[in-house]
Structures are given as structure tokens and as C-alpha cells.
Amino acid sequence: MFSANSIKILFSIFACGLFVFGCAPPKDKVKQDVINAKNKLSFSGYEWDIKNTTKRVGPGNNYFSSSTDNVWVDTEGHLNLKISQQNNRWQCAEVISKQHFGYGLYEFFVAARTDKFDKNVVLGLFTYDKKLRPHYNEIDIEFSKWGNNTDTNSQFVVHHNQNYFESHRFKHPTGLKFSTHIILRNKDSIYFASYEGHYRNAIKSRKPYQSWTYKNNFNPKPANEKVHINLWLFRATALSQKKEEFVSIYGFWHSAY
């Protein structure tokens, strides 16, 4: 027979077990918290650092957070970035590949109504080498109205330096949520293109809704530039009509071409 004290102990153990197994968060959420605590994550077969700052930094003189409220990979393997206000401070999101890639084909699958972005939001898909002045090997695909109420909300960009760049502005189709965007770098030119839907190697089989070939005497050579994916506020200006902004990146790939 069990004593009264033994029964109390067994009941306590049983109750704790129910609490642990019944109330524990999903495994994928636990994993995200562990990874983000180290400011790192895995996405689309690559390893990425998560930008986390306590002071205002570029781009846009913003704060960036590695919290799972702002950056996470969901159970489908999609990268999610969010701008949100926490403790009266707007927090932006950015991930940076640990690997550099050089020449070849860069492909991004975006899932977002970028035509519906708040006018102060910027989504950037780009390469950047913080040590390679003056151009930093910065080659961008960007979605933003840059603080204005305009339909021209997208651009392809090649930077000569931080004060001079060449760009091609265009309109992202109204109502389009799923889109593919590519950068093809080679020794002679840089080709940009955007497509409706998600398609690997769209350059071979799909007609883009927008494209631009950059050819110039200035053509930055690969060095140690990384791939950046970020969501931030132009000039750190608060969202004008929303409480938060959100985008999913379904995939990123680099391949020789």
C-alpha cells in the first residue's frame, strides 16, 4: 500500500508530466528560438546570419531584431521577415548569407503583395561586401515607393559608389503575390528579370514581366560579397497606415550559368 506522502509525490510527478507534454510549444518553434538566440538560421539549403542591433544602423538608420517576432523559418521552410513595433521602437529584419557566390544565377522566390507595401517600406534582395569600397559590390533588386505615393514601386540597381548608381525603375503588377526575381552576373554584363509565379530557371523558359541588362565599363568583380535579404523603413520613417509589414521568401538559390 502507498502512504499518503507517496501518493502526493506520484500525483505531483503525473501533473508535471501533463503540463510538460500538454503545454510545451511546437518543436519547430523551440528550434527557431534556439537558432535565433544565436543570431543564425538555416534557409533554402544555406546558412544565414540574422542582423541584430541595439543602436540605429544602415540601411535607413533603423533598429534590426533577430527575435522570432521579426525573423523566422516556418515549418514549410519559408523565410519570414516582419517589421513590427516593440517597446515603442520599430524593429526591422535582415538576414545575410554566410557564403559568398560570385558570378552566376541568383534566384529569389517572393511571396508578398509588394504593390500593397506601406509607402515607407523597402524590401531588398541584393549582394553587398562591406569592405569593398567604394561600390561595395552592391547589386540590388528593391521594392519600395521610397516614401511617396507612386505606382512605380520596384527597381534594379548597380552601385558605382554610395552616392552614384544606375537603376531601372518599374511597376510590380497589381495583385501579384507570387513572383520570381533573378540576377545573372557574368564578366560582361548583369542581367535582371522578374517573373509572375515561382519557377526555377525561369530565365530559360519564361517571359519576364520586367527585365534590364546592365552593360557598362564599370562592372564590379566578385570578391567577398554576401547575399542580403531585408525588410526595413525608408529613413526610419514609421509605417504610415499599418501596424506591421510582412513578407515571405519561399526560396533562394545560386547556380553556375
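Structure first, text after, so check above.
Predicted, not measured: the structure shown is a model, and the values here were computed from it.

The rules behind the values
- Residues numbered from 1 in each chain as written.
- Predicted model: local features only at pLDDT ≥ 70, side-chain atom pairs only at ≥ 80, totals over all residues.
- Heavy atoms only, no water.
- Helix = DSSP H or I, 4+ residues; strand = E, 2+ residues; numbered from the N terminus.
- Buried < 20%, exposed > 50% of the residue type's maximum accessible area, 1.4 Å probe, protein only.
- Areas by Shrake-Rupley, 256 points an atom, 1.4 Å probe, with all protein chains shown as cover.
- Salt bridge = Lys/Arg side-chain N within 4 Å of Asp/Glu carboxyl O.
- Polar contact = N/O pair within 3.5 Å; in protein donor to acceptor, adjacent residues only side chain to side chain.
- Contact = heavy atoms within 4.5 Å.

Student: Which residues make up the overall build of the protein, and what are the values?
Tutor: What the protein contains, in helices and strands, is three helices and 16 strands. Expressed as a percentage of the 257 residues in the protein, the buried residues total 46%. Carbon and sulfur atoms form 51% of the exposed surface of the protein, whose accessible area is close to 13700 Å².

Student: Give me the pattern of salt bridges: which residues, what numbers.
Tutor: With the rule as written, the count across this model stands at eight salt bridges. Here aspartate 49 ties to lysine 98 by a salt bridge, and the two come within 3.1 Å at their closest N and O atoms. With a gap of 49 residues between them, aspartate 49 in strand S2 (residues 46-50) and lysine 98 in strand S6 (residues 89-100) connect regions that are remote in the sequence. Accessibility expressed as a relative area gives 23% for aspartate 49, which makes it partly exposed. Look at lysine 98 and you get partly exposed, because its relative accessible area is 41%. Between aspartate 115 and arginine 113 there is a salt bridge whose closest N-O contact spans 2.8 Å. When its relative accessible area of 13% is taken as the criterion, aspartate 115 is described as buried. Linked by salt bridges that have partners in common, Lys40, Asp49 and Lys98 make up one network.

Student: An account of the side chain of asparagine 230 is needed here, citing residue identities and associated values.
Tutor: Relative to the assigned elements, asparagine 230 resides in strand S15 (residues 226-233). Using a relative accessible area of 1% as the deciding quantity, one classes asparagine 230 as buried. A polar contact is formed between the side chain of asparagine 230 and the side chain of glutamate 94, at a distance of 3.3 Å. Here tryptophan 232 takes part through its side chain, which lies 3.2 Å from a polar atom of the side chain of asparagine 230. Setting aside anything within four residues of it in sequence, one finds asparagine 230 in contact with Pro59, Leu81, Ala93, Glu94, Val122, Leu123, Gly124 and Phe126.

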